[in-house]
Amino acid sequence: MKLPEHKAKALLAENGIRIPRGHVVDSAEGARAAAEDLGPAVAVKAQVASGGRGKAGGVAVVSTVEEAAAAADRILGMELAGEIVTTILIEEALDIVEEHYVSIAVDPSLGRPVIMTSDQGGVEIESMTSTIEHTVVPVWGLELTDPITATLLTAFDELDALLIEINPLAVVRDVEAGRELVALDAKIELDDAAAFRHVERFAELDEDEAAGGTEREQAAAEIGLRLIELDGDIAVLANGAGLTMATMDAIVYAGGAPANFLEIGGDAYTKATPALELVLSQPNVKSLLVNFCGAFARCDVMTAGVIEAWTALEPDVPISFSISGTGQDEARDMVRSRLNIEPYPTMAEAVVAAVGAARGEQA
Ligand code: GDP
Ligand code: MN
């Protein structure tokens, strides 16, 4: 998950790194009010996923409340790297003396985090690469004397981040504190594969997305399952995003319409009972298709989870299985012996059966 600047900065502040005071707004009037509170000199900054906003006109530093409103008016609705600006961050404009650069990112070829620092940060960093110092973080023990880098490395580790970048890390002239280091811009990317270790944080950071979901989708997300509700009448349990999408296509191709889909790969099979409850609780569901294709994922383990859930819930809808790959023979035998159902030999046949069952046709 890539965090927008204001959320990334909030995380930095949580870790004791100084950030400018600021407000997130979505209108020129909001910008005016923010500038009255923080300024009048403020930075007006487009909140989009891409970098390079400064050069593209997505950042304005202004000195009056009127200018803040005008800059907000200009930046809102702007297209930056294909994204329309709908939110802006208004921050107190600080007196910048120097702009530095610091980042920690996982280097996939090394399989280790790499710290990069430069005292020549800012919007020209791409042409300043020769000034960047690289430090590969060893598996054990790296003594960092610089307090900001040390703080960032701890945060990087604790957050399971893939990237933390501060550019510029500004030296500002501060009336009270003299010279101060402030994060003027921040990019943070968290590892989705580690979301299970940060359930609350992900739910909190993901609030926009979660707020857009249906009640069942949110309930699923709360227990770490990914459910998407649709308009059709066939519920789908499949393992892996690719197979799930292929199953959707196959259902439509066979003349059916999916009611929802829930990916039950990974360790989600241990949540088979709530998963099944969720997909079947949609009132329009008339048939259930279980499509497993195992390579690393074991079909017998996933199938056992579904059978247990099915026996516990005893739902009153027809179910069609397609099971191929690792552990398929054991899995198919389990379906036969415990549910008294014959699994289909191919995915295409299971899909056709599920579509037919939704129409009330007998298998
Ligand atoms: P990016 O171009 O997307 O990386 O956007 P940044 O947030 O890094 O902003 C670009 C540039 O705007 C920075 O390098 C700063 O020079 C300038 N800038 C950003 N915030 C402030 C601020 O609060 N005060 C001042 N004076 N300049 C700022
Ligand atoms: Mn920047």
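Whatever comes next refers back to the structure up there.
In what follows, the accompanying structure is described. Quick caveat: nothing in here was measured; it's all calculated off a predicted structure.

### Describing unusual backbone geometry
Note the cis peptide between Gly39 and Pro40, where omega equals 20°. With an omega of 5°, the peptide bond running from Asn167 to Pro168 counts as cis. Within the element layout of this structure, Pro168 appears in strand S11 (residues 161-174). Although it is not a glycine, Asp160 adopts a positive phi angle of roughly 55°. As for its position among the elements, Asp160 is in the loop between helix H5 (147-159) and S11. One non-glycine residue, Asn340, lies in positive phi territory at about 60°. Within the secondary structure, Asn340 sits in the loop between helix H12 (328-339) and helix H13 (347-358).

### What to know about the sheet that holds strand S16 (residues 258-263)
Sheets are built from strands that pair by backbone hydrogen bonding, the pairs being arranged parallel or antiparallel. With respect to topology, five strands assemble into an open sheet ordered S14-S16-S15-S17-S18, the strand pairing being mixed. Both edges of this open sheet fall to strand S14 (227-229) and strand S18 (319-325), since each of them pairs with a single strand only. In this sheet, neighbouring strand axes are inclined to one another by 10° on average, regardless of whether the strands run parallel or antiparallel. Packed onto the sheet, helix H11 (residues 299-313) meets strand S15 (234-238), strand S17 (287-294) and S18 and runs at close to 160° relative to S17.

### Overview of the environment of Pro20
Locating Pro20 in the fold gives a position in the loop between helix H1 (5-14) and strand S2 (22-25). Between the C-alpha atom of Pro20 and that of Ala93, which follows or precedes it by 73 residues, the distance is 7.9 Å. Apart from residues no more than four positions distant in its own chain, Pro20 is found in contact with Lys9, Glu91, Glu92, Leu94, Val182, Ala183 and Leu184.

### Describing the coordination of the manganese ion (ligand 2)
Around the manganese ion (ligand 2), the protein contributes the donor atoms Asn167 (O) and Asp185 (OD), at 2.2 Å from the metal centre. Of this pair, Asn167 sits in strand S11 while Asp185 is found in the loop between strand S12 (178-183) and strand S13 (187-190), placing the two residues 18 residues apart along the sequence. A relative accessible area of 12% places Asp185 in the buried class.

### Focus: the nonpolar core
Within the largest apolar cluster, 33 residues are counted, with the highest numbers of intra-cluster contacts made by Leu237, Val279 and Leu288. Where this core is concerned, the elements lending two or more residues are S15, S16, helix H10 (272-280), S17, H11, S18 and H12. Setting aside residues up to four positions removed in sequence, Val279 forms contacts with Leu227, Ala235, Leu237, Asn260, Leu262, Val285 and Leu288. In this structure, Leu3, Val102, Leu153 and Leu205 belong to the second largest nonpolar core, which totals 26 residues.

### Digging into the site of ligand 1
Lining the immediate environment of ligand 1, one finds 19 residues, of which Lys45, Arg53, Gly54, Glu99 and Asp185 sit closest. The separation between an oxygen atom of ligand 1 and a polar main-chain atom of Gly54 is 2.7 Å. Burial of ligand 1 by the protein amounts to 86% of the accessible area it has alone, namely 560 Å². Of all the secondary structure elements, the ones that give two or more residues to the shell around ligand 1 are strand S3 (42-46), helix H3 (53-56), strand S4 (59-62), strand S8 (95-107) and S11. Across the shell around ligand 1, the residue classes break down as nine nonpolar, five polar and five charged.

### Quick look at the side chain of His198
On the secondary structure map, His198 appears in the loop between S13 and helix H6 (199-205). The exposure class assigned to His198 is buried, which follows from its relative accessible area of 13%. Setting aside residues no more than four positions away along its own chain, His198 makes contact with Glu158, Leu159 and Asp160.

About the cut-offs
As a convention, each chain's residues are numbered from 1 in the sequence order in which they are written. As they are written, the chains are lettered A onward and the ligands numbered 1 onward, keeping that order. Reporting of local features is limited, given that this is a predicted model, to residues whose pLDDT is at least 70; pairs of side-chain atoms are given and counted only at 80 or more, and all residues count toward the totals for whole chains, interfaces and linings. The side-chain figures draw on all heavy atoms in the structure; neither hydrogens nor water molecules are used. Strands are runs of DSSP state E lasting at least 2 residues, helices are runs of H or I lasting at least 4, and numbering of each runs from the N terminus. Pairing between strands is defined by DSSP: at least two bridges between them are needed. Axis lines are fitted through C-alpha atoms, for helices just across the contact stretch, and the angle between N-to-C directions can take any value from 0 to 180 degrees. What makes two residues a contact is simply this: any of their non-hydrogen atoms within 4.5 Å. Donor criterion used throughout: N, O or S atom within 2.8 Å of the metal, extended to 3.2 Å for Na, K and Ca. Water excluded; incomplete-looking sites may result. Burial status follows relative accessibility: with a 1.4 Å probe on protein chains alone, a residue under 20% of its type maximum counts as buried, one over 50% as exposed, and anything between as partly exposed. The definition of a nonpolar core used throughout is a set of buried Ala, Val, Leu, Ile, Met, Phe, Trp, Tyr and Cys residues joined through side-chain atoms within 4.5 Å. Residues are classed as near a molecule or strand on a simple rule: at least one heavy atom within 4 Å of it. What qualifies as a polar contact is a pair of N or O atoms within 3.5 Å, subject to a donor-acceptor requirement within protein and to the restriction that residues adjacent in sequence count only when both atoms come from side chains. Only the protein chains shown count as cover for residues, and the accessible areas themselves come from Shrake-Rupley with a 1.4 Å probe. Polarity classes work like this: nonpolar for Ala, Val, Leu, Ile, Met, Phe, Trp, Tyr, Cys and Pro, charged for Asp, Glu, Lys and Arg, and polar for all others, with Gly in that last group.

The values reported here are purely geometric and, on their own, carry no functional implication.
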